[in-house]
Amino acid sequence: QVQLAESGGGSVQAGGSLRLSCVVSGDSGSTNCMAWFRQAPGKGREGVAGTDSFGTTTYADSVKGRFTISKDSAKNTLYLQMSSLKPEDTAMYYCAAAQAAICGFEYHYWGQGTQVTVSS
């Protein structure tokens, strides 16, 4: 089975940077859709960034220009580089994966989450 494990979260001041990592283990070749989601306390889950097997990337308007999603296939690792962080970015960040003809709908595999806290 596919397993995802996030890391790299932490506490930073506004304007700072963090890079989140998501290691994919198990049958990593069975997933072609990868994405990052986040959820702040008391709020719903929000899609942050996504990518497919062709390298196409999608970003939420709120993070466009500040966040970059990428992957290292040799290491089976997905990344989210976050810069110019704002307090509004504070949330639990989750890595997600799926095998689908079209990405962006349902994600079947999820990591445990990593906390990102941005102070003003």
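Computed from a predicted model, the values in this text were never measured in an experiment.

K.L.:
It is not clear to me how the pairing of strand S5 (residues 46-51) should be interpreted in this structure. Could you clarify?
P.N.:
Within a regular beta strand, the side chains point alternately toward one face of the sheet and then the other, so they alternate between its two faces. Direction of pairing for strand S4 (residues 33-39) relative to S5: antiparallel, over a ladder of five bridges. Note that in S5 the partner of Met34 across the bridge is Thr51. Hairpin connection between S4 and S5: a loop of six residues separates the two successive antiparallel strands, and Gly42 in this loop has a positive phi of roughly 75 degrees. Examined bridge by bridge, S5 and strand S6 (residues 57-59) share three bridges and lie antiparallel to one another. Bridging across to S6, Thr51 finds its partner in Thr57. Once S5 ends, the chain turns through five residues before running back antiparallel as S6, passing Gly55 with a positive phi of about 90 degrees.

K.L.:
What is the right way to look at the nonpolar core in this model?
P.N.:
Judged by nonpolar contacts, the single largest core of 26 residues is most densely connected at Leu4, Trp36, Val48, Phe67, Leu80, Met82 and Tyr93. When residues of this core are traced back to their parent elements, those giving at least two are strand S3 (18-25), S4, S5, strand S7 (67-72), strand S8 (77-82), strand S9 (91-98) and strand S11 (114-119). In this structure, Leu4 is in contact with Cys22, Val23, Val24, Met34, Cys95, Ala96, Ala97, Tyr109, Trp110, Gly111 and Gln112, ignoring residues within four places of it in sequence. Core analysis: the second largest hydrophobic core is formed by six residues, Ala35, Phe37, Ala96 and Ala98 among them.

K.L.:
Help me understand the state of the cysteines, please; the structure alone is not making it clear to me.
P.N.:
Throughout the structure, instances matching the rule amount to two disulfides. The disulfide partner of Cys22 is Cys95, and the S-S distance across this bridge is 2.1 Å. Looking along the S-S bond of the Cys22-Cys95 disulfide, the torsion reads about -80 degrees, which is the left-handed sense. Of this pair, Cys22 sits in strand S3 while Cys95 is found in strand S9, placing the two residues 73 residues apart along the sequence. With respect to burial, Cys22 and Cys95 carry one shared label: buried. Paired by a disulfide, Cys33 and Cys103 hold their sulfur atoms 2.0 Å apart. Between Cys33 and Cys103 the disulfide shows an S-S torsion of about -80 degrees. By sign, it is left-handed. Here the residue Cys33 occupies a position in strand S4, and Cys103 occupies one in the loop between S9 and strand S10 (109-110), the gap between them amounting to 70 residues. Cys33 gets classed as buried once you look at its relative accessible area, which sits at 1%. Once the disulfide-bonded cysteines of the protein are ranked by sequence position, their pairing pattern turns out to be 1-3, 2-4.

Each value, and the rule that gives it
- Residues numbered from 1 in each chain as written.
- Predicted model: local features only at pLDDT ≥ 70, side-chain atom pairs only at ≥ 80, totals over all residues.
- Heavy atoms only, no water.
- Pairing = 2+ DSSP bridges.
- Helix = DSSP H or I, 4+ residues; strand = E, 2+ residues; numbered from the N terminus.
- Core = buried A, V, L, I, M, F, W, Y, C linked by side-chain atoms within 4.5 Å.
- Buried < 20%, exposed > 50% of the residue type's maximum accessible area, 1.4 Å probe, protein only.
- Contact = heavy atoms within 4.5 Å.
- Disulfide = S-S within 2.5 Å.

Interpretation in functional terms is not warranted from these geometric data alone.
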